[in-house]
Amino acid sequence: MPPFMHASAPHAYALMRIVTGFLFLWHRTQKLLSVPMPPPPQLPSFVINVAGPIELIGGTLVMIGLFAGWAAFLCSGLMACAYWMVHGTQALLPIQNMGELAALYCFVFLYISSHGSGIWSVDAARKAA
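Residues numbered from 1 in each chain as written. Predicted model: local features only at pLDDT ≥ 70, side-chain atom pairs only at ≥ 80, totals over all residues. Heavy atoms only, no water.

Visitor: Can you walk me through unusual backbone geometry in this structure?
Guide: Notably, F67 is not glycine yet its phi reads approximately 50°, a positive angle. Structurally, F67 can be placed in the loop between helix 2 (45-64) and helix 3 (68-87). Relative accessible area serves as the criterion here: at 44%, F67 is assigned to the partly exposed category. Its identity is not glycine, yet M98 carries a phi of approximately 65°, on the positive side. Its place among the elements puts M98 in the loop between helix 4 (94-97) and helix 5 (100-115). (Helix = DSSP H or I, 4+ residues; strand = E, 2+ residues; numbered from the N terminus. Buried < 20%, exposed > 50% of the residue type's maximum accessible area, 1.4 Å probe, protein only.)

If you want it as structure tokens, here you go:
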């Protein structure tokens, strides 16, 4: 890391955690509420019933930084399953099977699970109190 970035590393990590959780929770609102757009019509009901709550609750917990490590670990596993069950059966490489987003979410959540909530989080506020 360039020396001038050391001071901003915790802030960049917090922003990555917040934005990742925010973007992830919208997958559930799409499946459950058709907001901001309707879900793809071919989604099986088990995807909506199993993945949906993990996306909504996990995304929210990661975004606000409450038990973010555990929530991100669960979300990472969900995305690994999504990649291999949906995309990985079509072709091996993400560029071929349209699984880039699932693969990226999987590894970003794995990184978050190994680093926890960080600054700007409910967990940090609870420790300070």
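Visitor: Help me out: how do you make sense of the nonpolar core in this one?
Guide: Soluble globular proteins tend to bury their nonpolar side chains together. In terms of nonpolar packing, the biggest core is built from 17 residues, with F24, V62, M79, F109 and I112 touching the most fellow members. Put simply, the parts of the chain that give this core at least two residues each are helix 1 (9-33), helix 2, helix 3 and helix 5. Looking at this core element by element, the count peaks at seven residues for helix 5. For M79, the contacting residues outside a window of four places in its chain are F24, E55, A102, Y105 and C106. (Core = buried A, V, L, I, M, F, W, Y, C linked by side-chain atoms within 4.5 Å. Contact = heavy atoms within 4.5 Å.)

Visitor: Hey, could you run me through the packing of aromatic side chains in this one?
Guide: By convention here, two paired aromatic rings are described through the distance between centres and the angle between planes. Tallied over the full model, the rule gives six aromatic pairs. Seen in terms of ring centroids, F24 and F109 are 4.7 Å apart; in terms of plane orientation they differ by 70°. Their pairing is edge-to-face. Note that F24 is positioned in helix 1 and F109 in helix 5, a separation of 85 residues in sequence. Across the pair, exposure class does not vary: F24 and F109 are buried alike. Ring geometry for Y105 versus F109: centroids 5.7 Å apart, planes at 15°, classification stacked. With Y105 and F109 both in helix 5, this residue pair falls four residues apart, about one helical turn. (Phe/Tyr/Trp six-rings, centres within 6.5 Å; stacked < 30°, edge-to-face > 60°.)

Visitor: Teacher, can you tell me more about the environment of W120 here?
Guide: Checked against the element boundaries, W120 lands in the loop between helix 5 and helix 6 (122-128). Residue W120 is classed as partly exposed on the basis of its relative accessible area, which comes to 47%. Spatially, the C-alpha atoms of W120 and L15 are 8.7 Å apart, while their sequence positions differ by 105 residues. Excluding anything up to four places from it in sequence, W120 contacts H11, A14, L15, R17, I18 and I64.

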